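One letter stands for each residue in the lines below.
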Amino acid sequence: MSERRKSTRISLQSRVELILGGTEVVEVLRPNVGWGGLGFFTRDLLPENGTVLVRILFLDREGHQQWEEVRGSLVWNRRDGNFTAAGAAFEQIRAEDHPRLFSYLNYAEGFA
């Protein structure tokens, strides 16, 4: 299989959720993130494709929790034993709309 990613993926040590259909919350396991999207595992079965809302929990320096949301779409998934491996492509990451994720990706890019 050829590599289709346009940017490096970085492990994300944070709580991440997918919102499917506007209401169903799916817990994301072992997320990795890049400018183009999110790779992850989940225990849940996922639809073949469709739009999702990716919610990422960030902690600021004082320890306050802040969720940031990014719209995207499921682009692939496959069952792997008891888990589903999947990928979601982000619509767009902009500093004005996603300041924490934008900052994290800029910072982490220096170590990749």
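These figures come from a predicted structure and were not determined experimentally.

Reading the values: rules and limits
- Residues numbered from 1 in each chain as written.
- Predicted model: local features only at pLDDT ≥ 70, side-chain atom pairs only at ≥ 80, totals over all residues.
- Heavy atoms only, no water.
- Buried < 20%, exposed > 50% of the residue type's maximum accessible area, 1.4 Å probe, protein only.
- Helix = DSSP H or I, 4+ residues; strand = E, 2+ residues; numbered from the N terminus.
- Pairing = 2+ DSSP bridges.
- Contact = heavy atoms within 4.5 Å.

J.: Can you explain the pairing of strand E8 (residues 83-90)? Please cite residues and give values.
T.: The element E8 is extensively covered by neighbouring structure, given that 6 of its 8 residues are classed as buried. Pairing of strand E5 (residues 37-42) with E8 involves 6 bridges; the strand directions are antiparallel. Paired with Gly37 across the strands is Ala89, a residue of E8. Of the strand pairs in this sheet, strand E7 (residues 65-80) and E8 are connected by 8 bridges, and their pairing is antiparallel. Bridge assignment links Asn77 to a residue of E8, and that residue is Ala86. Joining the antiparallel neighbours E7 and E8 is a turn of 2 residues, in which Gly81 adopts a positive phi near 70°.

J.: Hey, could you go over the environment of His64 for me, with residue numbers and the actual values?
T.: Along the chain, the position of His64 falls in the loop between strand E6 (50-59) and E7. Residue His64 is classed as partly exposed on the basis of its relative accessible area, which comes to 46%. With residues up to four places along the chain from it excluded, the contact list for His64 reads Phe58 and Leu59.

J.: Could you give me a rundown of the pairing of strand E4 (residues 29-33), with the residues and numbers involved?
T.: In this structure, strand E1 (residues 10-11) lies alongside E4, joined through 2 bridges in antiparallel fashion. From the neighbouring strand, Ser11 faces E4, where its bridge partner is Asn32. Where E4 and E5 come together, 3 bridges link them in antiparallel fashion. Residue pairing for E5: Val33 is matched across the bridge by Leu38. Hairpin remark: E4 followed by E5, antiparallel, with 3 residues in the connecting loop.

From the geometry alone we can't say anything about function, so treat these as descriptive.
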